[in-house]
Amino acid sequence: MAETRVVPEVDRAAAARKAVERRRARASLKRDLTTRVVAPQTVLRRAIADQDSVEGSMRITDFLLALPAIGAGKRDRVLEDLHISPVKRLGGLGARQRAVLEEWLDGRFPVLRPRGARSRLLVLAGPTAVGKGTVAAHIREHNPEIHLSVSATTRAPRPGEIDGVHYYFVDDAEFDRLIEQNELLEYAVVHNRSRYGTPRAPIDAALDAGKTVLLEIDLQGARQVRAAEPAATLIFLLPPSWDELVQRLVGRGTEEAEERARRLRTAKVELAAQNEFDHLIVNENVADAAAEVVELSSSSAR
């Protein structure tokens, strides 16, 4: 008579924890795909490289449903057109299936093709709470050769912010005057509340002196700079994941729940515009992200 093996309780508990962690990781990956924090082509490459990874274990049906604007009907038509079985996992796709899926992804979700830096005017933008200000402050402290533009804003200072260093804090009347006198390179209403703008004179003076200038602004401002200065190099800062972006916003504790929800809705719109930029940088570590920006500034100076 065969002996029945009894699985120790500790092994079952460990397996259960691992299964829960795996489900959470897949759920997080789906959110990253939906919000465009990660490109679907990147997920496919990771799945092919490691079939046992979170990406590799994702079902093709879940992968497609996580993509923006893909519903169940569209998913099923894509699988039929590409001749891919709905039971397949990304890591288990054959060579032909990988090729046709990647071709379909490239057609629907074009990958950013970085252009060569052409200007000493750099623009750093990204979604709320991604850490633009922190990266810019790191550059200010460690790379004084780069002129960091100081924006004007009508919002109140946050704890620790210094007028003239982090922002020029002005009232609505002064902001109106700056607009009327054409003293702003760009300006916009951000999060349907405060106005932000970039004073033009300090930028012109720094560029005339041969310096590299870095603007840390929002998506609307970046678009205005591109229209006014087509040669400017636009850099989009990405979070490591959507969950990390939410945690950063909640963690800084400067907004109420309603305002946080509004900012996260705006962040999804901003993330969808990342392909308008010349370079993407993931802000997983402030020093590393700052170093990548500085490297781009060095390229533009040559």
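Every residue gets a number counted from 1 within its own chain, in the order that chain's sequence is written. In keeping with the predicted nature of the model, local features appear solely for residues at pLDDT of at least 70, side-chain atom pairs appear and are counted solely at 80 or more, and the whole-chain, interface and lining totals rest on all residues. To obtain the side-chain values, all non-hydrogen atoms of the structure were included, while hydrogens and water were left out.

Looking at an unreviewed UniProt entry, one finds the protein chain named Guanylate kinase, with Microbacterium oxydans as its source organism. In its Sequence similarities (unreviewed entry) section, UniProt records this for the protein chain: "Belongs to the guanylate kinase family." UniProt positions are given in the numbering used here, feature names are shortened, and annotations may be inferred rather than shown by experiment.

K.L.:
Give me the UniProt feature "binding site: ATP" (unreviewed entry) in the protein chain: which residues, what numbers.
P.N.:
Feature annotation in UniProt places "binding site: ATP" (unreviewed entry) on G126, P127, T128, A129, V130, G131, K132 and G133, given in this structure's numbering. Helical segments are the DSSP runs of H or I of at least four residues, strand segments are the runs of E of at least two, and each set is numbered from the N terminus. Inspection of the secondary structure puts G126 in the loop between β1 (121-125) and α6 (132-142). By secondary structure assignment, the location of G133 is in helix α6. The cut-offs for exposure are 20% and 50% of the maximum accessible area for each residue type, with area from a 1.4 Å probe on protein chains only; residues under the lower value are buried, those over the upper are exposed, and the others partly exposed. You can call G133 partly exposed: its relative accessible area is 36%.

K.L.:
Could you give me a rundown of the pairing of strand β8 (residues 233-238), with the residues and numbers involved?
P.N.:
Summarising burial for β8: six of the six residues are buried, a large majority. Burial of β8 is two-sided: the residues T233, I235 and L237 facing one way and the residues L234, F236 and L238 facing the other way are all buried. Should DSSP find at least two bridges between two strands, the strands are regarded as paired. Examined bridge by bridge, β1 and β8 share four bridges and lie parallel to one another. Residue pairing across strands places A125 opposite F236, the latter belonging to β8.

K.L.:
Report on the pattern of salt bridges, specifying residues and quantitative values.
P.N.:
Within this document, salt bridges are pairs made up of a side-chain nitrogen of Lys or Arg and a carboxyl oxygen of Asp or Glu, the two lying within 4 Å of each other. Applying the stated criterion across every chain yields a total of 18 salt bridges. The salt bridge partner of K30 is D62, with a shortest N-O separation of 3.8 Å. Remark: D62 occurs in helix α3 (residues 60-66) and K30 occurs in helix α1 (residues 9-34); sequence separation between them is 32 residues. Given a relative accessible area of 30%, K30 falls into the partly exposed group. Assessed through its relative accessible area of 28%, D62 is described here as partly exposed. The residue R263 makes a salt bridge to E255 at a minimum N-O spacing of 3.9 Å. Across the pair, exposure class does not vary: R263 and E255 are buried alike. Members of the salt-bridge network, linked through shared partners, are R158, R193, R252, E255, E259, R262 and R263.

K.L.:
Lay out the sheet that holds strand β2 (residues 146-148) in plain terms, naming residues and giving numbers.
P.N.:
Pairing in this open sheet of five strands is parallel, and the strands run β2-β7-β1-β8-β9 from one edge to the other. At either end of the open sheet lies a strand with only one pairing partner, and these are β2 and β9 (279-282). This sheet shows a mean twist of 25° between the axes of neighbouring strands, independent of strand direction. Residue contacts are defined here by distance: any two heavy atoms, one from each residue, within 4.5 Å place the two residues in contact. Every axis in this analysis is a line fitted to C-alpha atoms, fitted for helices over the stretch in contact. Angles between the N-to-C directions lie between 0 and 180 degrees. Packed on one face of the sheet, α6 meets β1, β2, β7 (212-216) and β8 and runs near 155° to β7. Strands β1, β7 and β8 of the sheet are contacted by helix α9 (residues 219-228), whose axis makes an angle of about 155° with β1.

K.L.:
Before we move on, can you summarise the packing of aromatic side chains with the specific residues and values?
P.N.:
Any two rings among Phe, Tyr and Trp, with Trp reduced to its six-membered ring, count as a pair given centres within 6.5 Å; such a pair is stacked if its planes are under 30 degrees apart, edge-to-face if over 60, and tilted if neither. By the definition in use, this model includes five aromatic pairs. Ring plane angle 80° and centroid distance 6.4 Å describe the contact between F175 and Y187, whose orientation is recorded as edge-to-face. Here F175 is found in helix α7 (residues 172-180), whereas its partner Y187 is found in strand β5 (residues 184-190), with twelve residues between them in sequence. Ring plane angle 65° and centroid distance 5.0 Å describe the contact between F236 and F277, whose orientation is recorded as edge-to-face. A residue pair is termed long-range when its members are at least 10 positions apart, and F236 in strand β8 and F277 in the loop between α11 (257-271) and β9 qualify at 41 residues. Exposure class is identical for F236 and F277. Each is buried. Joined through ring pairs, the aromatic side chains of Y167, F169 and Y196 make up one cluster.

K.L.:
Explain the domain arrangement of the protein chain residue by residue, including any values.
P.N.:
Split into domains, the protein chain comes out as domain 1 (13-108) and domain 2 (121-151 + 206-299). Note: buried area is the sum, over both parts, of the accessible area (probe 1.4 Å) each one loses when the two are combined. Each partner contributes to the roughly 670 Å² buried at the junction of domain 1 and domain 2, and carbon and sulfur atoms together form 55% of this total. Of all residues in domain 1, T35, R36 and V37 bury the most surface against domain 2, accounting for 70% of the area lost on that side. Joining domain 1 to domain 2, the criterion identifies one salt bridge. Across the pair D243 and R31 runs a salt bridge, and its minimum N-O distance is 2.8 Å. Nitrogen and oxygen atoms within 3.5 Å of one another constitute a polar contact, given that in protein one can donate a hydrogen and the other can accept it, and given that sequence-neighbouring residues count only through two side-chain atoms. On the surface where domain 1 and domain 2 come into contact, there are four residue pairs in polar contact (both at pLDDT 80 or more). Side-chain classes follow a simple rule in which Ala, Val, Leu, Ile, Met, Phe, Trp, Tyr, Cys and Pro form the nonpolar group, Asp, Glu, Lys and Arg form the charged group, and the remainder, Gly included, forms the polar group. Each residue belonging to the side of domain 1 that touches domain 2 can be placed in one class, and the counts come to one nonpolar, two polar and three charged. As used throughout, domain bounds are those supplied by an automatic or database domain assignment.

K.L.:
Summarise α9; cite the residues concerned and give the values.
P.N.:
Side chains of residues three or four places apart in an α-helix project in the same direction, reflecting 3.6 residues per turn. When we look at burial in α9, the residues that qualify are L219, G221, A222 and V225. On an axial view of α9, the arc spanned by its buried residues comes to 160°, and they lie on one face. Contact partners of the buried residues in α9: β1, β5, β7, β8 and α11. Measuring from the backbone nitrogen of Q220 back to the side-chain oxygen at the start of α9 gives 3.4 Å, which picks out D218 as the cap. The arc in question is the one traced by the directions running from the helix axis out to the C-beta atoms.

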